[in-house]
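Descriptive analysis of the structure
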Amino acid sequence: MSEYVTLVSSDNYKFVVLKEVALISSVLRNTQGFEEGKTGKINLEMDGDILECIVEYLYYHYKYKDQAELGNIPEFNIPTHLALELLVKADFLDI
Amino acid sequence: MSRNRKSSGVRGPNSALTEFLKNEGITEGFRRRREAQASESPHPQQERSTEPENEDISEDPEETVSPAGARIRRGVATESDQEEEAIRAAGRAKRRDDSDFDPEFSDDDLDANGIKKFGEEDNCVTCGKVFNLTVYSRYLRDQRGYVCETCNETIKAKERNAKRNQMSSRKKRKKIALALLDKQVVRIPKLQDICIKKITLNIDDVEALGDIGQVNMNKISKILSKNRSLNNSTVSLFLNPNLKSLEFWDCSNVDSDSLNRIASYCPNLESLTLFMCGQLHNDNLKYYTTNLKSLSELSLNGPFLISDTVWQEYFEQSGSQLTKFEVRNTHRFQNDSLISLLENSGRNLTSLRLSRLDGLDSKDVYDLIPHYLEPSKLEQLEISYPFQEDLVTDDLLINILAITGETITHLNLDGCSNLTDQFITDGLAKFCPNLTHLSMKNLDQITNEAFARALEEYSAVNSGGLISVDLTKCTGLGDEAIYSLLKHSGHTVVEFSINSLSLLSKDFLLQLFTEDHHPYKKGLKEKLEKLESNGTNENNEENDNNETPSYYPKLSFPFLTTADFGFVRSVDDEILELVGESCPKLSILEVYGNNRCTFRANFRKDLMVIGRQGDEV
């Protein structure tokens, strides 16, 4: 099994992401039982810039999840104009 | 860093003379050193005369410049160690005598005989290099000597680092403690929460929230309420024609017109909750009456502009469809309003909550409540904090429960401090088979024995068990009462508060959470059995002398999630540990005011203990 998955946005931007990182989202985790699990490619209904933010967040989560208790992790910044749309997608991905 | 400036930044006004003297290096410390020098001068001479063969301290330039401590380090130490020791001891004694002086100016630099004047050369105590001694040279107390400028810089850098570390760790602790007060743990924020934060920060620029899901919508609404930024423009973001239920928890900045918009934009509302709705006007309620045709659940907190007559009109027109009604904190909801409510919707009500209504001041009106509730569908009843405590009596509650007891699941009687044992024995324990949530804060007239007995009998009536029990400040209750309550409901209880029940003993709590096969409890049981058998045969003299301890078998609390043990002084680290062990689901435990609960207590990591003195903010 490959240790990377490819997230594809609706406007065809591709993000190659560590599987472990992508699976932080329970929705992406659940896709692995289906076709996406075999092809290693997940098509997502969102624009490239949104998906980029989401991938950034996933890596942020991955990097700092063990240090959260210690308190001093940097804030995750998102562009203001994307906040609403990002909220919808984050709600969808359950992250 | 100048030594006389480092203590604090606060200084009184200075005269020109003081400023001049300071610039010249003539300070309080300087004066005192001079005096001390004068008074000390016979002392070293004496010593020199007793041991003349010793190296001449005052003549050797190498030796005079360095204080005693530095001399040893440089390896010049000879057989004069003993003598040095004596000198140092004398120095120490002298310092002790001077202890009433400001320690900033203590005569540390006098403990060797040689005193360097500012401007002379000295050896740095850390690097050993020769440097020019100035007023600003730093004296290291623990090394007994001055340091040169370069060494001082490195020391200062170190100190700055230490300070920064200290600040950051303090900040961190503060963050954790703050989160603790909000009953949260510090963890990575969800992306949704980050977005919501961003949105609420820029809420004024948002034109429409779009399809973000009702859960997120409610989240944003709650955060805006908490930030007090729910206002005329933000309210409209939440209104859409399909809404069936709407909750605004802080409407204080929402004006009358915007409150009207709720009814015009969301005509299908079935449930409406408006808290802190001080701007809700008579006309608004009238408008709701005509426009919200299907509204059946109404909760208002603080609608003090709505007058008695308008309440009555509202109930007459739409009272028949009301099933849940809640009103808090208004003095304008008066006797006639309540009668009108009962007449028009009494028999349909499934939930009735009346709290802090100071306009309701007639006992007769309160006594009417049971008559209108028949046949009862009432599931939730709250009558809390009445205007005067004698408005809500035992008889009233017994009458209400006799009618509604079958159906009632939630009962809240906070602050009805006129209620006594009779209410428990003849009301609660007899008529409430389906009760799951009970809150009775401040019922201080209820006694331990009566409550214990009533709850024993209650098991026959209510075979289920209570889910949420709040006994805050029922100060009459003690070990037996709580034990019989938990014996009945321990296996179901999820939320539990025994805040301020100061009669609870440590022994009881220990036994409650300790396994029955624990040697301590076995011993106690045997002892008690022995006492009992003795007691039946012989006279009870012994028992009277030393109080008989009671035996309580352990109970289990499989679902207990949040508990408040605040101001139960007998709760300490030991109890905390036992509670943590025996309540597997417990996640929040409050122990405010229990000063025997310290940071030393051991418990599960996922259990949050709030209110210990050690948690600093």
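Within each chain, residues carry numbers counting from 1 in the order of the written sequence. Chain A is the first chain written and ligand 1 is the first ligand written, with later ones labelled in order. Local features are withheld for residues below a pLDDT of 70 in this predicted model, meaning they are given only at 70 or higher, and side-chain atom pairs are given and counted only at 80 or more; totals for whole chains, interfaces and linings count all residues. Excluded from the side-chain calculation are hydrogens and water; included are all heavy atoms of the structure.

Residue and element names in this part refer to chain A. Pairing between two strands requires that DSSP report at least two bridges joining them. To qualify as a helix, a DSSP run of H or I must reach at least 4 residues; to qualify as a strand, a run of E must reach at least 2; elements of each kind are numbered from the N terminus. Strand order in the open sheet formed by 3 strands is β2-β1-β3, and the pairing between neighbours is mixed. Two strands bound the open sheet, and with one partner strand each, they are β2 (14-18) and β3 (41-43). Averaged over neighbouring strand pairs, the angle between their axes works out to 25° when direction is ignored. As defined by bridge partners, strand β1 (residues 4-8) adjoins β3 across 3 bridges and the pair is classed as parallel. By the bridge assignment, T6 is partnered in β3 with K41. Note on contacts: a residue pair qualifies if any of its non-hydrogen atoms lie within 4.5 Å across the two residues. For helices, the axis comes from a line fit to the C-alpha atoms of the stretch in contact; other axes are also lines fit to C-alpha atoms, and the angle between any two N-to-C directions lies between 0 and 180 degrees. Along the sheet, helix α4 (residues 48-64) contacts β1 and β2; its crossing angle with β2, the most-contacted strand, is approximately 10°.

Moving on, we get to the UniProt feature "domain: DNA repair protein rhp7 treble clef" (unreviewed entry) in chain B. UniProt positions are given in the numbering used here, feature names are shortened, and annotations may be inferred rather than shown by experiment. This chain's UniProt record puts "domain: DNA repair protein rhp7 treble clef" (unreviewed entry) on residues 118-156 of chain B. Helix makes up 21% of residues 118-156 of chain B and strand makes up 31%, while its end C-alpha atoms are separated by 21 Å.

Should pLDDT be low for a region, the predicted coordinates there are not to be read in detail. Residues and elements named next belong to chain B. Averaged over all residues, the pLDDT of chain B is 83; the fraction at 70 or higher stands at 82%. Here pLDDT means the predictor's own confidence in every residue, given as a number from 0 to 100. Low pLDDT, under 50, characterises residues 43-78; the predicted model gives this stretch 44 contacts beyond four residues in sequence or across chains. Under a pLDDT of 50 for its full length, residues 538-545 has, in the predicted model, 3 contacts with residues more than four places off or in other chains.

Mean pLDDT over chain A stands at 87; residues scoring 70 or higher make up 95%. No element of chain A has a lower mean pLDDT than helix α3 (residues 35-39) of chain A, which averages 84, and none a higher one than β2(A), which averages 93.

All names here are of chain B. Residue E374 is joined to P375 through a cis peptide bond whose omega torsion reads -10°. Here P375 is to be found in the loop between α15 (363-372) and β10 (380-384). Of note in the backbone geometry, N442 takes a positive phi value of approximately 65° without being a glycine. Within the secondary structure, N442 sits in the loop between β12 (437-439) and α18 (448-461). Phi is positive for S500, which is not a glycine, with a value near 70°. Looking at the secondary structure, you find S500 in the loop between β14 (495-497) and α20 (506-512). Only protein chains enter the area calculation, which uses a 1.4 Å probe; residues under 20% of their type maximum are buried, those over 50% are exposed, and those in between are partly exposed. Judged by relative accessible area, which is 14%, S500 ranks as buried.

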